[in-house]
Amino acid sequence: MIYPKKNRLFKWMVHTYVYWLTIRQFKEINFNAITIDNSRSVLLIANHFSIWDTFILLRVNHKLLKKKFHVMMLESTALKEPFLKYAGGFSINKKSRDMVNSLDFAAELLRDPNNLVLIFPQGKLYSNLITELEFEKGIIQVIKKAADNFQLIFAATFMENFDNLKPVANVHLAAVPDSNFNTIADLQQAYQQHYTNSRQQQIQIVK
Amino acid sequence: MVVFPQGQLISNHTTEIVVEKGIERLIKNIKGPCQIVYSCALIDYFESLKPSVFFHLYDCGIAGEVSFNELTARINDFHQQALKDQINVAH
């Protein structure tokens, strides 16, 4: 397992690089305001369609959530993008027993109210245009192990161009009042509802 | 000739294509043989920072042989299929 590495200079460099990259490549990154509970950590669950989603949510965290950013990513991605470990990236290998350590590590991070852990429960990249999502079950272990120490937030990100050459990213956020999900099916259903509602809002935009 | 029959910019995430009436008038006035092709362009990123555009093309039939309602139905059926195919698109 690859753990996040602390290095203030590298962390600053990664954040500056992501800031520069998003400013350069996007017309806008839009998100709605939600109430953050400062006494608890944040478990952020999001749809996974690109490496952009991590960068976009890193910026949303910087602007709105203001927690110590951590992201669970596939070991293959962590090896391909080694700089992400300086921005809180840690790996998971779905085909190894080491997977339990990654899930435990995520739950442990959530015990600190200053932390945010971003997880993509789809487990791999899917199109940004899908209507139905399917979650892998690992995340439920994180939720059970972290108990009530965290605030659960759903994020659904959609990319559009419309009349711009540069894309606009719209991040639909929702704070989930009750995070006591016992099964992956219950969690998936709750997220799906948020995703479908967000998608409907996205479709309403006409230029 | 390229025509965007929606008449305005609509989200890339839409599942329904509203075809405006103008295309009906245009098709009626075509004198020679003309094939109508629906091009569904879907943008995705996957592993890349740069976007990829995937064109899903469909032969809607020959102008004069397909009614407006049938054309709208064919476009929408194909659009739904293109969105489904996009899930398994090679990237």
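The coordinates are above.
Enquirer: Before we move on, could you go through the interface of chain A and chain B and cite the residues and values that matter?
Expert: Opposite the 21 residues of chain A that make contact, chain B presents 17 residues. Per-class residue counts for the side of chain A that touches chain B are 13 nonpolar, four polar and four charged.

Enquirer: Kindly report on helix α2 (residues 52-65) of chain A, identifying the contributing residues and their values.
Expert: All names here are of chain A. The terminal C-alpha atoms of α2 lie 18 Å apart, and with 14 residues this matches the ideal 20 Å at 1.5 Å per residue to within 8%. Buried within α2 are the following residues: Trp52, Asp53, Thr54, Phe55, Ile56, Leu57, Leu58, Arg59, Val60, Asn61 and Leu65. Lys66 sits one or two residues past α2 and shows a positive phi near 55°.

Enquirer: Mind laying out the nonpolar core, listing which residues take part and the relevant values?
Expert: Core analysis: the biggest nonpolar cluster contains 58 residues, and Leu43, Leu44, Ala106, Val117, Ile119 and Ala155 of chain A have the highest contact counts within it. In terms of residue count, the dominant contributor to this core is strand β6 (residues 150-160) of chain A (eight residues). Once residues lying within four places of it in the same chain are set aside, the contact partners of Ala155 of chain A are Leu44, Ile45, Ala46, Leu57, Val171 and Leu173 of chain A. Of all hydrophobic cores here, the second largest spans eight residues; its members include Ile36, Tyr38, Cys40 and Leu42 of chain B.

Enquirer: Tell me about the sheet that holds β6 of chain A, and name the residues and values.
Expert: Residues and elements named next belong to chain A. Strand order in the open sheet formed by seven strands is β1-β7-β6-β2-β5-β3-β4, and the pairing between neighbours is mixed. Since the sheet does not close on itself, it has two edges, and those belong to β1 (28-31) and β4 (89-92), each with one partner. Pairwise comparison of adjacent strand axes, ignoring direction, gives a mean angle of 25° for this sheet. Both strand β3 (residues 68-74) and strand β5 (residues 115-119) contribute to a ladder of four bridges, which runs parallel. For Val71, the partnering residue across the bridge sits in β5 and is Leu118.

Reading guide: rules and limits
- Residues numbered from 1 in each chain as written.
- Chains lettered and ligands numbered in written order.
- Predicted model: local features only at pLDDT ≥ 70, side-chain atom pairs only at ≥ 80, totals over all residues.
- Contact = placed C-beta atoms within 7 Å.
- Nonpolar A, V, L, I, M, F, W, Y, C, P; charged D, E, K, R; others polar.
- Helix = DSSP H or I, 4+ residues; strand = E, 2+ residues; numbered from the N terminus.
- Expected span 1.5 Å × (residues − 1).
- Buried ≥ 20, exposed ≤ 12 C-beta atoms within 10 Å, placed from the backbone.
- Core = buried A, V, L, I, M, F, W, Y, C linked by C-beta atoms within 7 Å.
- Pairing = 2+ DSSP bridges.
- Axes fitted to C-alpha atoms, helices over the stretch in contact; angles between N-to-C directions.

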